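Report on the structure
What follows is the residue order along each chain.
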Amino acid sequence: MNTVSPRPAAWTAFAREALHGARDTVPLLLGAAPFGLIFGALAAASPLGVGGALAMSALVFAGSAQFIALSLLSGGAAGWVVVLTTWVVNLRHLLYAASLQRGVARLPQRWRLLLAFWLTDETYATVYHRYQHDGDGAALRHWYTAGSGAAMYVNWLGWTAAGALLGQASPALTHLGLEFALVATFVGIVAPLLRQRTSLAVALTAAAVALAARGLPYKLGLLAAALAGVAVGVWLDARSGGGR
Amino acid sequence: MSGWGEAAVIGGMAAVTFGIRYVLFALGGRLQFAPRVQQALRHVPVAVLTAIAVPMVLLPDGQHWNLGWRNPWLAGALGSAVLALATRRLLAAIAGGMAVYLLWRFGLRFT
């Protein structure tokens, strides 16, 4: 057999990194699964229908925004309100993108397009966790990131489809209490970080503001809570860092 | 909502979501946040995830406080937190928290 690729060893390394990224995302795939299932089931039963459910998961690919949009659409909200709310709820991704920006600046645009489309809470958390202490050292981090993103995308689309089909067959599926998986996932990610006193203060602030501002329209309470939490973190960093 | 209206909403959601995710990547190094901002970004995951989860746990129906030990959301969240701290394994935290939640809600029939 002749080798077709000029650098087979490189492709093996790419595939290995992508697989590594997908593997590190497995707990989050499990966490997202019930939400894909529930979203599919609820959306199929709504005016969106099976086609709308699949289109939203395939094109928007943002779980919390999709749930909020679904409840708004079912409540008869205007289209522009749904789009504006999506924008607000997803603004946090701007901060994820800023945090990963240095890693993608040297990549061609087609890579940046792909990685931006696949940028979710879960993939950000996975990538951030791995490269936290590495600086720019990891040359193949885009393959790792793409592996995590592709796994999340296929997982989300697959569970949406399964939920849409099951939801048509048995509407009782939406009352199983699976919605708790989101909370279990978030608590599991955050709790170990709270050993740091600054992170604990950030979390307490964000929680207090989220509770106090939960009545604000367009989910602005979430954004206010996030900004307040980060502000407290910055203030504490400045205090402990002396002049810096 | 008509088919076209629905397509417009989904298209609009897709456009704003992708726009947020792509704008900084597209600019690459040309627009960079100051080191101070970069440092601030470290606090984003804790702030956002906490802000989403805590109201779901303490006000399960979105309206009324439920701070008692019978609250399945609170019991499950505490279970997840304890397991996450004890095992440092995310999967164990998710599975254990789910088990506590389901036991409270369907085994013991608390609400």
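To be clear, the structure that these remarks concern was listed above.
Not measured: the values here are computed from a predicted model.

Describing the nonpolar core
- Met56(A) and Phe25(B) are the most contacted members of the largest nonpolar core, which totals 93 residues.
- Setting aside anything within four residues of it in sequence, one finds Met56(A) in contact with Phe39(A), Leu48(A), Phe61(A), Gln66(A), Ala69(A), Leu73(A), Ile10(B) and Met13(B).

A few points about the packing of aromatic side chains
- Scanning the entire structure with this criterion turns up 18 aromatic pairs over all chains.
- Consider the rings of Phe180(A) and Trp73(B), whose centres lie 5.6 Å apart with planes at 70°: the pair is edge-to-face. Of this pair, Phe180(A) sits in helix 10 (residues 180-190) while Trp73(B) sits in helix 4 (residues 72-87), on two different chains.
- An aromatic cluster is built from Phe61(A), Phe117(A), Trp118(A), Tyr153(A), Phe18(B) and Tyr22(B), whose rings are joined through pairwise contacts.
- Geometry around Tyr144(A) places Arg130(A) over its ring, the cationic atom sitting 4.5 Å from the centre.
- One cation-aromatic arrangement involves Arg239(A) over Trp235(A); the distance from NZ or CZ to the ring centre is 5.0 Å.

Some remarks on empty space enclosed by the protein
- Inspection of every chain in the model, using the stated rule, returns 1 cavity of 30 Å³ or more.
- Lining the largest cavity are Leu100(A), Gly103(A), Val104(A), Leu115(A), Leu119(A), Val127(A), Arg141(A), His142(A), Thr145(A) and Phe25(B).
- Its residues assigned to classes, the lining of the largest cavity shows 6 nonpolar, 3 polar and 1 charged.

Quick look at the packing of helix 5 (residues 79-90) of chain A against helix 1 (residues 3-27) of chain B
- Where helix 5 of chain A meets helix 1 of chain B, the closest approach of the two axes is 9 Å, and the angle between their N-to-C directions is 20°. Considering the angle they form, helix 5 of chain A stands roughly parallel to helix 1 of chain B. Handedness of the crossing formed by helix 5 of chain A with helix 1 of chain B: right-handed. When helix 5 of chain A is examined against helix 1 of chain B, the residues Gly79(A), Val82(A), Val83(A), Thr86(A), Trp87(A) and Asn90(A) are found in contact with a partner set consisting of Val9(B), Gly12(B), Met13(B), Val16(B), Thr17(B) and Ile20(B).
- Taken together, the residues of the contact of helix 5 of chain A with helix 1 of chain B sort by class into 7 nonpolar, 5 polar and no charged.

Cut-off values and rules
- Residues numbered from 1 in each chain as written.
- Chains lettered and ligands numbered in written order.
- Predicted model: local features only at pLDDT ≥ 70, side-chain atom pairs only at ≥ 80, totals over all residues.
- Heavy atoms only, no water.
- Core = buried A, V, L, I, M, F, W, Y, C linked by side-chain atoms within 4.5 Å.
- Buried < 20%, exposed > 50% of the residue type's maximum accessible area, 1.4 Å probe, protein only.
- Contact = heavy atoms within 4.5 Å.
- Phe/Tyr/Trp six-rings, centres within 6.5 Å; stacked < 30°, edge-to-face > 60°.
- Helix = DSSP H or I, 4+ residues; strand = E, 2+ residues; numbered from the N terminus.
- Lys NZ or Arg CZ within 6 Å of the ring centre and 35° of its normal.
- 1 Å grid on protein atoms, 1.4 Å probe; cavity = no way out; pocket = protein on both sides within 12 Å on 5 of 7 lines; lining within 4 Å.
- Points joined across faces, edges and corners; volume = space filled by probe spheres on them.
- Nonpolar A, V, L, I, M, F, W, Y, C, P; charged D, E, K, R; others polar.
- Axes fitted to C-alpha atoms, helices over the stretch in contact; angles between N-to-C directions.
- Parallel < 35°, antiparallel > 145°, perpendicular 65-115°, else oblique.
- Left-handed = near helix turned anticlockwise from the far one by under 90°.

Keep in mind that these numbers describe shape and distance, not what the molecule does.
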